[in-house]
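# An overview of the molecular structure
Chain residues, written in single-letter form:
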6 protein chains.
Amino acid sequence: MCLSSRGASHGAGVADDEYIEAGAILVDTAAEVFAEAEFILKVKDPSVGELATIREDHVVFTFFHFASNSELTRSFVDTGAVAIAYETVEDDAGNRPLLIPMSEIAGRMAVQEGAKYLEGPQGGRGILLSGLPGVASGDVVILGAGVVGQNAALIAAGLGASVHLLDINVNQLRRAERVLPPNVSTYMSNKYNLNKLVASADLLIGAVLVPGSKAPVLVTREMLGRMKQGAVIVDTAVDQGGCVETMRPTTHADPLYFVDGILHCGIANLAGAVPRTATMALCNATLPYVIDIASQGWEGACQGDRTLSRGLNIIHGKITHRGVAESVGGQFHPLPFDTKR
Amino acid sequence: MCLSSRGASHGAGVADDEYIEAGAILVDTAAEVFAEAEFILKVKDPSVGELATIREDHVVFTFFHFASNSELTRSFVDTGAVAIAYETVEDDAGNRPLLIPMSEIAGRMAVQEGAKYLEGPQGGRGILLSGLPGVASGDVVILGAGVVGQNAALIAAGLGASVHLLDINVNQLRRAERVLPPNVSTYMSNKYNLNKLVASADLLIGAVLVPGSKAPVLVTREMLGRMKQGAVIVDTAVDQGGCVETMRPTTHADPLYFVDGILHCGIANLAGAVPRTATMALCNATLPYVIDIASQGWEGACQGDRTLSRGLNIIHGKITHRGVAESVGGQFHPLPFDTKR
Amino acid sequence: MCLSSRGASHGAGVADDEYIEAGAILVDTAAEVFAEAEFILKVKDPSVGELATIREDHVVFTFFHFASNSELTRSFVDTGAVAIAYETVEDDAGNRPLLIPMSEIAGRMAVQEGAKYLEGPQGGRGILLSGLPGVASGDVVILGAGVVGQNAALIAAGLGASVHLLDINVNQLRRAERVLPPNVSTYMSNKYNLNKLVASADLLIGAVLVPGSKAPVLVTREMLGRMKQGAVIVDTAVDQGGCVETMRPTTHADPLYFVDGILHCGIANLAGAVPRTATMALCNATLPYVIDIASQGWEGACQGDRTLSRGLNIIHGKITHRGVAESVGGQFHPLPFDTKR
Amino acid sequence: MCLSSRGASHGAGVADDEYIEAGAILVDTAAEVFAEAEFILKVKDPSVGELATIREDHVVFTFFHFASNSELTRSFVDTGAVAIAYETVEDDAGNRPLLIPMSEIAGRMAVQEGAKYLEGPQGGRGILLSGLPGVASGDVVILGAGVVGQNAALIAAGLGASVHLLDINVNQLRRAERVLPPNVSTYMSNKYNLNKLVASADLLIGAVLVPGSKAPVLVTREMLGRMKQGAVIVDTAVDQGGCVETMRPTTHADPLYFVDGILHCGIANLAGAVPRTATMALCNATLPYVIDIASQGWEGACQGDRTLSRGLNIIHGKITHRGVAESVGGQFHPLPFDTKR
Amino acid sequence: MCLSSRGASHGAGVADDEYIEAGAILVDTAAEVFAEAEFILKVKDPSVGELATIREDHVVFTFFHFASNSELTRSFVDTGAVAIAYETVEDDAGNRPLLIPMSEIAGRMAVQEGAKYLEGPQGGRGILLSGLPGVASGDVVILGAGVVGQNAALIAAGLGASVHLLDINVNQLRRAERVLPPNVSTYMSNKYNLNKLVASADLLIGAVLVPGSKAPVLVTREMLGRMKQGAVIVDTAVDQGGCVETMRPTTHADPLYFVDGILHCGIANLAGAVPRTATMALCNATLPYVIDIASQGWEGACQGDRTLSRGLNIIHGKITHRGVAESVGGQFHPLPFDTKR
Amino acid sequence: MCLSSRGASHGAGVADDEYIEAGAILVDTAAEVFAEAEFILKVKDPSVGELATIREDHVVFTFFHFASNSELTRSFVDTGAVAIAYETVEDDAGNRPLLIPMSEIAGRMAVQEGAKYLEGPQGGRGILLSGLPGVASGDVVILGAGVVGQNAALIAAGLGASVHLLDINVNQLRRAERVLPPNVSTYMSNKYNLNKLVASADLLIGAVLVPGSKAPVLVTREMLGRMKQGAVIVDTAVDQGGCVETMRPTTHADPLYFVDGILHCGIANLAGAVPRTATMALCNATLPYVIDIASQGWEGACQGDRTLSRGLNIIHGKITHRGVAESVGGQFHPLPFDTKR
């Protein structure tokens, strides 16, 4: 039995009727959902109000970000419920399947935002990234060829820009070149190339993510001085420190500030501007886990899937994720069972 | 000898030094340019102050738009100078080579603006045009497959959108299909297709230009009611009436308004947001004429080139363009010479 | 020494002379081949006549499908020979290299057949998948983005159709998007998308293969009612149950039947229509194993290659494949040696 | 006022309701349409029954093919009505805009049919045109690089075949190469290339159209003998004689016959198999003329458009098309007015 | 009847047998051909020996270049024969269809030669134009976007280089952009762009052809000083003066010299290195004219085709091409008949 | 602290100043570098002079090729230093990351050289690989679809050639087809295909590398006899025996010889002609290891990275690579520590 609060689906552009047709039972309030359901799916971490309704027999599957919120952690521990956190689901190779969609969106959005900010009325250089017949296209320099960087390169190349993609891993560049269009050039990320390319950039995109640690500063304040006036920097990893010395977090409401004549955009949650796309993408990624948990129970599902089991942060009052325990200063408890696959 | 006022080139991103290196003589004010020069190049129509300095022996080559400004027409007639208007330079087939760059920019910008306005914080549907693996891309519907429409289709397709291009001329669609990527589909523009496609659009772009006459209304207020809430309409021809009943001109500063939940963007001068690109594109198009006028004089150049001669609007106090004469209620004088080619 | 019966190669378009030039010895009958050879290569399972000539010292490498044919299993056990079955050769990741070529062909053929059946004289909707300038292309909906589905998408996109590819694995869709043309859109396979896309399909291709188990029913009879009259369904996995409720096996001779106005094509062996291509593709896949077996003997080859060793179904009267043993109710014997790699 | 007989639209997949919504008035029979209307649009030539209802004040715009049907010509002359024939509408450069859609379809269908007939059960070589990784693709040889040939090449290349396109006009090949994918090679059509390529073809497509005269025979019976057994020939111009000596017209119901082991497909009306696509394509092409005739009357429309005026075959009992007059042995009357544009 | 001297076809890779099969009669010497034939086809201008055998009733169709060879002109006048020169066949728009193939080859060869000369052992910069994953590709700068320039751009882009294409005609750039890959950028050819791009070039290709007049010098000696040491310049129009101040003609045998550390390649006849390709391309272009002349006689063919008639340089002792007459100081005689089409 | 000898960077096109700016200290001679530094990076093996300055506390990271140079091995053992050889760095899957860039270059260069040698003045067939509109492109046959073969195919396809890629591994062909353009066809490498394709080749490229063993001879002398006169063979693996019977090593200075009319190019070090590109590519590949060694010391770096540890050939006088030990007849010492990852 699948419950949803009426209208919850509107944000994602799905009508209540379609929920009903798909077999869901609509109730009037989220509170009713918490009251009736055992397994609760959300996108954001639980609100204080929701925490009050969470019971020991609840399994909650959502973004929690406990490590940076010890209060939330304590509150959830107190509920006695089970918390499986999207952000720590991780496979043996270190990929985090529930974060990939957000990275894909961030890479694509970074170009869309940057193209807009290059317009004159926004304070930018007043150029069109695509150029025109007889007018050279703009230069987009992307630092990092991971998921974010490759998605940014794809969109920038589609716009017709001259795209320059840097990474410290030549194998990553090899893979990127094979599937990206010929107006993407790849470069080893070293000081020589960085200096030359940053100075030539119309749009500079920071796409450096070092899982679990702060990104290195690749673009210093001093390098800004060699950039073109009115160039734009978008750093997609500003919430993990970013790779641009002068970058600090901004918001969709107030996205921009200037340093030395260079536009800085440090929107921490780029995907937040396209909620329908983001919701669908996240659902696509969580669905297989949701089905497993719903059909086998959280224990069965986690025992059968090591990737999912890494998402278990709190089990009935015990913190079972080492990183979370260390961050909030709580005691770490290993998982009470073995996992396979 | 080529004169320029100091700093005039900054807007286009060219330093004074580069002007000097290219052989220009820099003077301190525009007034000095008018005082010294015989052949004057501008982008916009002359200001009142400039008109006061224009002499009988001046040839002015710029956008004038006399037809919609009878005061300017009268003032220019009074100067006794020669006016060659960018906007009426026209070849035998009716192409206007000095307007094409603006149309190319408008088509490309329309997609860039539309993609941005689809973001949730702008009031849009909150979708990413490109979609993602597993999330369908957005639908971009483009009314008109001329220069504007083909350029819009090129950029929208590059972003990965599902592009639907309509026109009433199947030959135009044939030519478009041959060079556009496979995610562009073409359709005859008829009521049946219009109704179906407008209703499905995430981004609807008006690109209907009927040279010399008002564009027909293709999207009625009633059709808005069948569109998706939060969809975006950008009409690139709003200054000629546009093809969307509810569209009215807006500005880069205040680009948007809502009708029935649909975002309307009617920026009349989309190219104005990318002045560097626009300036370079315009110069590329005017340069061959500039060289001809500078080397052969305006009479020689116009006698030798029928396309350019159609740009002659006013010669020493006489209106020589029939359309301008009719619009401002002045007397029409035919060109005082024959032209060839 | 390599023997072949005269004319055996004609079906694959290779002349006897070319066999001889390549070093083969041609004999008059297949019986002579069995009499002389030790290691026998075929495509189909052995006929009753051939079984009578198989000796204990024979190694037979072909498609056997013992699991669904207990009589053949018993007969082969009685010969005392060694049977290595193409269909169970399987690598550690579960890929079956000798089945992949058949899947590639099935995916490509499914589009070719579907395009034909959409013609009016066949009972189809009377549309051309590619569309035309001014006439929208047809919608091809493909259920499953594995080998079959990706090959179908490639061909449908090449034809210019609007292709919609669904899968429950977003990673599979990611990989597919990277290499397929932009007129392929990808979707998470869920009830919402299925309902919407199946209803819009001109050609619907079932490409769901769950190795070793029956495919789930994704398209119910009820959903047929929302499809367009004259739409076509081709299910490539009908022999494993298929994913369309109303689908049953058909043949190349009598490929089609109608349910509720929808054309159903359930040809179980699509590759059978292109025997030359299929033979060459199969040989390409088997050749490395053939060389290993021929040069090292079956035991050496299987000891050295775990993938090949999984193909060992029967060894000198003992069933050595657990699945076959269970299916035919025989006793399972583990392999009499260890394998590596 | 626009009349249509109920259900007339079903063949094109448009519901009666959609006609009504678009402003049409539905009547029960075609006879009522003839009785009420003045300007009649059809696809095929009028039936005997329809001829009986055609009045002097009728303008009929359809395919007539009078030149090959003197009885129809006489009957229509007797009605006193005006006949504008799709097939003779022709611009100054000799293009026939109402025939182009049929040529586009014929080119695309020729590949679809040929791919199917190459299947073993159809008698073909048993190969898949696209090939597979490791198995070479099939060779498609196309005689003629006009509209038919370029459309055939586009689809064959999309399938992944090795495409060989011949023409006697190197400029035509230049234009084709610029927009076709790299697996299309172009060749001067001369005896040397013809002999070599015809012998290598898996699928040979005749696409030679010489407007107004019989196509030359490029493929002789003798050349068949050097072709591969089971190769397929599709001649799209069989109704104008075709370019293959052994080709004769066939039908969708009985499309194939064999000569010297080569499959011959001479379906005269390939577009007939995709009536919805063909109808829409034809309407797209005729619509601008229909609007002109409906708004300005046939005389006004033809006076204003030389291309359309060439479609006037019979005016109130007089034959006004020289070719028709000569073919049926009637008297030719020049148009009773001048035309421009 | 078609005659050829034995072995004449070997250079083009066609065996004598194939000539015979095509209906030619092979004789032992070229002299026999001249003795027997009336209409003589060649590639190069006639040798002194051949001139001695040319009779009044001969029509000779070949490259003559009379304008720069007054001795040849006089000798040919003396024969009394008819000379139709490939190089002056010209259509109304000024295109020279028999020169286009040579321009296509020159553009493609220029990149092939330049890539080779960039190798270190040749004295070049020691770079690979295509670059590598992680190593930026080389910059190819092409001056002129006509036939030569577009063909050069196509090949350079295919190699993966960063291609920069300049022209003074923005329409030409528009057409080029539509069909060239996205790693080709287009630029207005002005001093600013020239200075910047020439300095950045690894390979600079001169492709400026002004029919009938000397190309302007775009690259001065002074600009060489700002180029990279070891960069390569290939000028395809060196025989018409070229557009590089320091360029002078070189040969395939001794293709290169250095000025200021820059490699100069001024091979006048690039197509001479690929004679088979060039011969076939030339034959493709001449064939339609050859057929017309052979079937209708030179007079009939020229009367019916204004393009061909411009090739008539000498008729029975009279110079009929104004340019030739002026160049060699002979008397000009207009054509003795009118031409149409 | 990073030392470099002045001017060492010129060959790679980097100025001394850029070294200094990047933090390097420039000294006058290489000897000073050896004197001051502990960790020494080179490209080639140490010269006799350098060996004399190598100390026990030096770690040298370069290409050594000890296995084929026992004298160098003995000399290096005597220094007591640590030798890490680029050529034996190898991951668990057998990939050699520091050899890949050289293979990429070899594949690309092979086409560049081959295209040049096909020119008539070089002795080749006199054809242009790309062909022209109306003239078929050349056939490039590539033996082996590994790194070398795929890179060759990419460039040959970019030139517009008809590319035929062979391999014995159908999975490799599958991967290749997915990312290469449609003018690349793939084939199983068997005697039948080899015979047919070698005979049709204009350019034949040997790209067969069997790590650690001699390549098999695929092209025999006898097969040369069936090739076209003037065809070109480039074998990229000639230093490992090559796959062409008649091939022997040649040099950039004297690259070619003829056997039976076929041009043979056996340049052992194709990358040597593009030293700038090669240096940058090699640095990209070595950089991560250099950073690890510099920051963690050679022992730490090798303990932490099994791939790098396989590069350890000699440690303080002891040979620690089994292959080297066996080749030079020295004693093998296992690594004195465990490695992980």
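### Focus on the overall build of chain A
- When you go through chain A residue by residue, the secondary structure sums to 12 helices and 14 strands.
- Against the compact-globule benchmark of 20 Å for 341 residues, chain A has a radius of gyration of 22 Å, which places it among compact chains.
- In chain A, buried positions account for 55% of the 341 residues.
- The contacts of chain A with a sequence gap of at least 6 include a subset with a gap of at least 24, amounting to 57%.
- Surface exposure of chain A reaches about 13400 Å², of which carbon and sulfur atoms provide 52%.

### Notes on the interface of chain A and chain B
- The interface of chain A with chain B comprises 36 residues on the first partner and 36 residues on the second.
- Carbon and sulfur atoms make up 59% of the area that chain A and chain B hide from each other, which totals about 3200 Å².
- Inspection of the chain A/chain B interface yields 2 salt bridges.
- The salt bridge involving E113(A) is made with K116(B); its shortest N-O contact spans 2.6 Å.
- Mapped by element, the contributors of at least two residues to the side of chain A that touches chain B are α5 (100–117), α6 (147–158) and α10 (275–303) of chain A.
- With 10 residues, the single largest contributor to the side of chain A that touches chain B is α5(A).
- Residues of the side of chain A that touches chain B, tallied by class, amount to 18 nonpolar, 11 polar and 7 charged.

### Overview of the sheet that holds strand β7 (residues 162–167) of chain B
All names here are of chain B.
- The 7 strands are arranged β8-β7-β6-β9-β10-β12-β11 in an open sheet whose pairing can be described as mixed. The strands lining the two open edges of the sheet, one partner per strand, are β8 (184–188) and β11 (256–259). The average angle at which neighbouring strand axes cross in this sheet is 20°, direction not considered.
- Contacting β9 (203–206), β10 (232–235), β11 and β12 (262–265), helix α5 (residues 100–117) runs over the sheet at an angle of about 150° to β9.

### Some thoughts on helix α8 (residues 191–200) of chain E
Residues and elements named next belong to chain E.
- Restricting attention to buried positions, one finds in α8 the residues N193, L194, L197 and V198. Take α8 and look down its axis: the buried residues cluster within an arc of 115°, on one side only.
- Here the buried face of α8 lies against β6 (139–143), β7 (162–167), β8 (184–188), β9 (203–206) and α9 (221–224).

### Details of the interface of chain D and chain B
- Facing 10 residues of chain D, the contacting portion of chain B comprises 8 residues.
- Carbon and sulfur atoms make up 55% of the surface buried where chain D meets chain B, a total of about 890 Å² over both sides.
- Of the charged contacts, one joins E104(D) and R174(B) as a salt bridge, the two residues approaching to 2.7 Å between their closest N and O atoms.
- Where the side of chain D that touches chain B is concerned, the elements lending two or more residues are α1 (16–21), α5 (100–117) and α10 (275–303) of chain D.

### With respect to the domain arrangement of chain A
All names here are of chain A.
- One can read the domain layout of chain A as domain 1 (38–89 + 278–328) and domain 2 (100–273).
- On a C-alpha basis, the centres of domain 1 and domain 2 stand 33 Å from each other.
- Buried area between domain 1 and domain 2, both sides added, is near 300 Å², and the carbon and sulfur share of it is 90%.
- Of all residues in domain 1, A278, A281 and L282 bury the most surface against domain 2, accounting for 77% of the area lost on that side.

### Some points on the environment of I262(A)
Residue and element names in this part refer to chain A.
- Assignment of secondary structure puts I262 in strand β12 (residues 262–265).
- For I262, a relative accessible area of 0% puts it in the buried group.
- Linking I262 and G225, residues 37 residues apart in sequence, is a C-alpha distance of 8.8 Å.

### What to know about the relation of the copies chain D and chain B
- When chain D is fitted onto chain B, the two copies agree to an RMSD of 0.1 Å after a turn of 120° and an axial shift of 0.1 Å. Classification of the inter-copy transformation places it as that of a three-fold axis. Rotation axis and chain D: the residue whose C-alpha lies nearest the axis is V179(D), separated from it by 3.9 Å.
- A different interface surface on each copy is seen, since only 10% of the contact residues of chain D are contact residues in chain B too.

### Brief notes about the packing of aromatic side chains
All names here are of chain A.
- According to the stated counting rule, one finds 42 aromatic pairs over all chains in the structure shown.
- Here the aromatic cluster, defined as three or more aromatic residues joined through ring pairs, consists of F39, F61, F63 and Y86.
- The residue whose ring lies beneath R248 is Y257, and the NZ or CZ to ring-centre distance is 3.8 Å.

### Describing the relation of the copies chain A and chain B
- When chain A is fitted onto chain B, the two copies agree to an RMSD of 0.1 Å after a turn of 180° and an axial shift of 0.0 Å. Look at the turn and shift together and you get a two-fold axis relating the two. Minimal C-alpha distance to the rotation axis in chain A is attained by G158(A), lying at 1.9 Å.
- Of the residues that chain A buries at the interface, 100% are likewise interface residues in chain B, meaning the two copies contact each other through the same surface.

### Let's talk about helix α4 (residues 70–79) of chain E
Residue and element names in this part refer to chain E.
- Considered for burial, the residues of α4 that qualify are L72, T73, F76 and T79. Down the axis of α4, the buried set is contained in an arc of 120°. They therefore lie on one face. Across from the buried face of α4, at angles greater than 90 degrees, the exposed residues are E71, R74 and D78.
- Contact partners of the buried residues in α4: α3 (48–53), β4 (59–62), β5 (82–85), β13 (312–315), β14 (318–319) and α12 (322–328).
- Positive backbone phi, approximately 80°, marks G80, located one or two places after α4.

### Examining the sheet that holds strand β14 (residues 318–319) of chain C
Residues and elements named next belong to chain C.
- Pairing is mixed in the open sheet, where 5 strands are placed in the order β3-β4-β5-β13-β14. Each of the sheet's edge strands pairs with one partner strand only, and the pair in question is β3 (39–41) and β14.
- Looking at chain direction, strand β4 (residues 59–62) and strand β5 (residues 82–85) are connected through 4 bridges and run parallel. By the bridge assignment for β5, V60 is matched with A83.
- Set on the sheet, helix α4 (residues 70–79) makes contact with β4, β5, β13 (312–315) and β14; between it and β13 the angle comes to about 50°.
- Across the face of the sheet, helix α10 (residues 275–303) comes into contact with β3, β4, β5 and β13 while running at roughly 150° to β4.

### Observations concerning the arrangement of the chains
- The smallest C-alpha distance separating chain A from chain D is 16 Å, and no contact links them.
- Considering only C-alpha positions, the minimal separation of the non-contacting chain C and chain E is 16 Å.

### Considerations on the confidence of the model for chain A
- Here chain A averages 92 in pLDDT, while 97% of its residues score no lower than 70.
- The ipTM, which scores confidence in the relative placement of chains, is 0.91 for this predicted complex, and the corresponding pTM is 0.93.

### What to know about the pattern of salt bridges
- This model, assessed by the stated rule, comprises 72 salt bridges over all chains.
- In this structure, R125(E) engages D202(E) in a salt bridge whose closest nitrogen and oxygen atoms are separated by 2.5 Å. One end of the pair, R125(E), is in the loop between α5 (100–117) and β6; the other, D202(E), is in the loop between α8 and β9, and 77 residues separate them in sequence. Both residues of the pair, R125(E) and D202(E), count as buried.
- Each member of the salt-bridge network shares a partner with another, and the members are D92(A), R306(A) and R310(A).

### A look at unusual backbone geometry
- Positive phi outside glycine occurs at H65(A), with the angle close to 50°.
- Taking the relative accessible area as the measure of exposure, H65(A) reaches 43% and is therefore partly exposed.
- The backbone of H316(C) shows a phi angle near 45°, a positive value even though the residue is not glycine.
- Here H316(C) lies in the loop between β13 and β14.

### Section: the pairing of strand β7 (residues 162–167) of chain C
All names here are of chain C.
- Across the 6 residues that make up β7, a large majority, 6, are buried.
- Because side chains alternate across β7, one face comprises the buried residues S162, H164 and L166, and the other comprises V163, L165 and D167, equally buried.
- The pairing of strand β6 (residues 139–143) with β7 spans 5 bridges and is parallel. Bridge pairing links D139 to S162 in β7.
- A crossover connection joins β6 to the parallel β7 through helix α6 (residues 147–158); in handedness this β-α-β unit is right-handed.

Calculation notes
- Residues numbered from 1 in each chain as written.
- Chains lettered and ligands numbered in written order.
- Predicted model: local features only at pLDDT ≥ 70, side-chain atom pairs only at ≥ 80, totals over all residues.
- Heavy atoms only, no water.
- Helix = DSSP H or I, 4+ residues; strand = E, 2+ residues; numbered from the N terminus.
- Rg over C-alpha atoms; globule rule 2.2 N^0.38 Å.
- Buried < 20%, exposed > 50% of the residue type's maximum accessible area, 1.4 Å probe, protein only.
- Contact = heavy atoms within 4.5 Å.
- Areas by Shrake-Rupley, 256 points an atom, 1.4 Å probe, with all protein chains shown as cover.
- Buried area = accessible area lost by both parts, 1.4 Å probe.
- Salt bridge = Lys/Arg side-chain N within 4 Å of Asp/Glu carboxyl O.
- Nonpolar A, V, L, I, M, F, W, Y, C, P; charged D, E, K, R; others polar.
- Pairing = 2+ DSSP bridges.
- Axes fitted to C-alpha atoms, helices over the stretch in contact; angles between N-to-C directions.
- Arc of directions from axis to C-beta.
- Domains from an automatic or database assignment.
- Least-squares fit on C-alpha atoms with pLDDT ≥ 70 in both.
- Phe/Tyr/Trp six-rings, centres within 6.5 Å; stacked < 30°, edge-to-face > 60°.
- Lys NZ or Arg CZ within 6 Å of the ring centre and 35° of its normal.
- pLDDT = per-residue confidence, 0-100.
- Right-handed = clockwise from strand over helix to strand, strands pointing away.

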